[in-house]
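Results of the structural survey
Now for the letters of each chain:
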Amino acid sequence: MEIIKTITLAATLMTAPLCATTAQTTSSKTQTNPSTAPAAAATTQPSAAADPDTRYAVDLLKVGTEAPDFALSTLDGKTVKLSDMRGKYVVLDFWASWCPDCRRDLPSVGALYKTYSARGVEFVGVSFDDKKENLVKAIADYNIAYTQVSELKKWKETAISKAYHIGWIPTMYVIGPDGKVVLATVVFEKVAAKLAEIMPECDDGQGCSENCKLK
């Protein structure tokens, strides 16, 4: 029985959907094919025993914490500030084109954006790519429609990673209209579930009806 438990634990850690800071690379043989990636992830949250957040999200900003303001540039030179989005829900997606698990989630994040941007939710991708051409290619390959910003520096050298305690990617935050953290997680499904909870009539993939109210 102890052997079985050990094997099970090892398998769980090997399949954790994360990229560590020590694994940065500019290419991957396991890159997700955008045409075969799932259009959207289920909103069912993982069980506590298999929840990667218990291992990888412990240092993220806590719920209720004031989200640090930032001013980051898009690829066309526009400045994006978190404070300019006060009064709206904001989804921050920390990722990089060299991270296989980030690429895997991109179609699902895109589907979420398509649904909830109709209700004024802002989506901002924060890339840890240090080469502009790699980010440009990823945006084109995955048809990313939501705002992308980057310091174009290596992950550990970025100010935004320190401000938001990013130790693993993909990491996502949901920021409330009051500028405080509503959710901090490394699990995409939790973001989908939280937005569905906040806007219960917006989770059918068809946009939002007039009865959909921000909480």
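Please refer to the structure placed before this passage.
The rules behind these values
Residues numbered from 1 in each chain as written. Predicted model: local features only at pLDDT ≥ 70, side-chain atom pairs only at ≥ 80, totals over all residues. Heavy atoms only, no water. Buried < 20%, exposed > 50% of the residue type's maximum accessible area, 1.4 Å probe, protein only. Helix = DSSP H or I, 4+ residues; strand = E, 2+ residues; numbered from the N terminus. Contact = heavy atoms within 4.5 Å. Core = buried A, V, L, I, M, F, W, Y, C linked by side-chain atoms within 4.5 Å. Pairing = 2+ DSSP bridges. Axes fitted to C-alpha atoms, helices over the stretch in contact; angles between N-to-C directions.

Overview of helix α6 (residues 188-198)
Burial of α6 is extensive: nine of the 11 residues sit out of reach of the surface. Every buried residue of α6 is listed here: Phe188, Lys190, Val191, Ala192, Ala193, Lys194, Leu195, Ala196 and Ile198. The secondary structure elements touched by the buried residues of α6 are α2 (53-56), β4 (90-95), α3 (100-116), β5 (122-127), β8 (171-175) and β9 (181-185).

What about the nonpolar core?
Leu92, Phe94, Phe123, Tyr164, Ile166, Ile169 and Tyr173 are the most contacted members of the largest nonpolar core, which totals 58 residues. Residue assignment for this core shows that the elements contributing at least two residues are β4, α3, β5, α4 (132-141), β8, β9 and α6. In terms of residues, this core owes the most to one element, α6, which gives six residues. With residues up to four places along the chain from it excluded, the contact list for Phe94 reads Val126, Phe128, Ile160, Tyr164, Ile166, Ile169, Pro170, Thr171 and Tyr173.

A look at the sheet that holds β4
The mixed open sheet is built from five strands, whose spatial order is β6-β5-β4-β8-β9. Of all the strands in the sheet, the pair left with one neighbour each is β6 (147-150) and β9. Neighbour to neighbour, the strand axes of the sheet diverge by 20° on average, direction disregarded. Strand direction decides the pairing type here: β5 and β6, joined by four bridges, are parallel. Note on β6: the bridge partner recorded for Val126 is Val149.

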